[in-house]
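Residue-level structure breakdown
Listed here are the chains, written in short residue letters.
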Amino acid sequence: MKKTLLFLLVAGLIGAAYGYYLWNKPHEDMGAAKAAVTLTAAQLLSEYTADETMANSKYLGQTIAVSGQVKESTNENGQVKIMLDAGDENFGVYCALDSAFQHPRKDFSVGENITLKGKCDGINLDVQMSRCVEQK
Amino acid sequence: MLAAFIPGFSQKLFTRDAKIKFSSDTPMEKIEGLNKSGTCVLDAATGKMEWKVLIKGFLFEKALMQEHFNENYMESSKFPNATFSGTVSNLNEVNFGKDGTYNAKVKGKMTIHGVTKDIELPGTIKVGGDNIELNANFGVACADYGIAIPAVVKDNVAKEIKVMVNALLKPMKS
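One structure accompanies this document, and this report is about it. (Residues numbered from 1 in each chain as written. Chains lettered and ligands numbered in written order. Predicted model: local features only at pLDDT ≥ 70, side-chain atom pairs only at ≥ 80, totals over all residues. Heavy atoms only, no water.)

Overview of the interface of chain B and chain A
Chain B puts 27 residues into the contact, and the matching count from chain A is 26 residues. Both sides of the chain B and chain A interface together cover about 2100 Å² of buried area, and 53% of this is carbon and sulfur. Counting across the chain B and chain A interface gives four salt bridges. We note a salt bridge from A:Asp126 to B:Arg16, for which the minimum N-O separation is 2.6 Å. For the side of chain B that touches chain A, the elements supplying multiple residues, two or more each, are β1 (12-25), β2 (30-43), β3 (48-54), β4 (59-60) and α1 (63-73) of chain B. Residue contributions to the side of chain B that touches chain A peak at five residues, all from α1(B). For the side of chain B that touches chain A, a count of residues per class yields nine nonpolar, eight polar and ten charged. (Contact = heavy atoms within 4.5 Å. Buried area = accessible area lost by both parts, 1.4 Å probe. Salt bridge = Lys/Arg side-chain N within 4 Å of Asp/Glu carboxyl O. Helix = DSSP H or I, 4+ residues; strand = E, 2+ residues; numbered from the N terminus. Nonpolar A, V, L, I, M, F, W, Y, C, P; charged D, E, K, R; others polar.)

Here's what the structure looks like:
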C-alpha cells in the first residue's frame, strides 16, 4: 500500500514536471538550427511555382537556407523583412527575421548577396520564410 | 466606381504585410497567434478583395502553442493556408477618392482548414491619399471549419476565436 502510494506520488511528480517542461519549452534556437537543405531563391520559387504540393512536401515547416540578392529590405517597428530576388519581376522569397534572435546586423543593402536560414512557410505569391537568421 | 474617373488613381492596391492576429480567450488561458505577412489585393473599382495567409507563419509566445496549433488544430501540413475572397457589398457608401474612414460590409468565401464558408463581415476602409487601410474584427467558430477541440482541453480553447485583420494597401505598380 505504502509502496503504491509512493509510486503514484513519484509518477505524479514526474508527470507534472514533464508537463511544466513542455509548457515552458522554448522556441527552437534558429541560430543553432541546422538547415535541411541549401538552395537559391530562384530555385525555391521556381519549384513552388511549378508544383506547390510537391514543393510543400519537401520544404514546408523545414529549416532551410536560401541564398540570393537583396531586392528590398524593410524595418517596421523592429520587424525586419528581406525580399530575396528570385529572378522574377513581381515575386521573390520573402523572409522575416527571427524576433527571438540577437542579430549581428539588421541593415541589409539592396544588391548584396546573402544567405538566410529560416522556416519555410509555403507560398503566398512569394515563397515566405519566417524566423530567419543570416548565415555566414 | 468613382475611382475609375479620378486621373492617376491606381485601382488595384496590394500588400504583402497584412497583419492577421487571433486570440482564444478562456478563463483557463489566453492563446494568441500573429502573422505579419498576409497578402491582400483590393480592386477599388469593383470592391473585390483577396486575402491569403500561411498557417505556418503564425507565431506564438509559447512553442507548445505553436506546435499544437499547427499539428492538432489547423493541420497546416495538409492545409497550408487560409483565404478570403469577397466583395465590398456597400460600395456606394465608400468614396475611394476622398480621405476618410468608411464602414464597409464585405461578403464572400472564407476558407480555413480546408473548409469553405459563405460569410458577411463588417469592417472599415480608411482612405488616406493613395493608400487604403482595411480593418476588421470578427469571430470564427472552430466547429464551422471542422476544427475539433479535444475534450481534455475544451476549457482551454475558446469555441469562438477572435480574429483581427489589418492591411495597409498601396497602389500596385503596373
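Remarks on helix α2 (residues 41-50) of chain A
Every buried residue belonging to α2(A) is among A:Ala41, A:Leu44, A:Leu45 and A:Tyr48, and all of these are buried. End-on, the buried residues of α2(A) take up no more than an arc of 95°, which puts them together on one face. (Buried < 20%, exposed > 50% of the residue type's maximum accessible area, 1.4 Å probe, protein only. Arc of directions from axis to C-beta.)

Focus: the nonpolar core
In this structure, B:Trp51, B:Phe96 and B:Ile125 are the most contacted members of the largest nonpolar core, which totals 47 residues. Setting aside chain neighbours within four positions, we find B:Ile125 in contact with B:Val88, B:Val94, B:Phe96, B:Gly100, B:Thr101, B:Tyr102, B:Ala104, B:Ile132, B:Glu133 and B:Leu134. (Core = buried A, V, L, I, M, F, W, Y, C linked by side-chain atoms within 4.5 Å.)

Observations concerning unusual backbone geometry
Residues and elements named next belong to chain A. Of note in this structure, asparagine 77 is not a glycine but carries a positive phi near 50°. Looking at the secondary structure, you find asparagine 77 in the loop between β2 (63-76) and β3 (79-84). One non-glycine residue, leucine 125, adopts positive backbone phi at about 70°. Its location among the elements puts leucine 125 in the loop between β5 (113-124) and β6 (126-134).

Looking at the pattern of salt bridges
Where charged atoms from two side chains of opposite charge approach closely, those side chains can pair. One pass over the structure, following the stated rule, counts 17 salt bridges over all chains. One salt bridge in this structure joins A:Glu47 and A:Lys58, with 2.9 Å as the shortest N-O distance. One end of the pair, A:Glu47, is in helix α2; the other, A:Lys58, is in helix α3 (residues 52-59), with eleven residues separating them in the sequence. Residue A:Glu47 is classed as partly exposed on the basis of its relative accessible area of 21%. Classification of A:Lys58 as partly exposed rests on a relative accessible area of 43%. Note that B:Lys162 and B:Asp25 form a salt bridge whose closest N and O atoms lie 3.3 Å from each other. Of this pair, B:Lys162 sits in strand β9 (residues 160-171) while B:Asp25 sits in strand β1, and the two are 137 residues apart along the sequence. Overlapping salt bridges, with partners in common, bring together A:Arg105, A:Glu112, A:Glu134 and A:Lys136 in one network.

Describing α1(B)
The complete set of buried residues in α1(B) reads B:Ala63, B:Leu64, B:Met65, B:Gln66, B:Phe69, B:Asn70 and B:Tyr73. Phi turns positive, to about 45°, at B:Glu75, one or two residues after α1(B).

A look at the environment of B:Glu120
Residue and element names in this part refer to chain B. Tracing the sequence through the fold places glutamate 120 in strand β7 (residues 115-128). The partly exposed category is assigned to glutamate 120, whose relative accessible area is 44%. Taking the C-alpha atoms as reference, glutamate 120 lies 9.6 Å from valine 88; in sequence the two are 32 residues apart. Beyond its immediate chain neighbours, meaning those up to four positions away, glutamate 120 contacts Ser89, Lys105, Val106 and Lys107.

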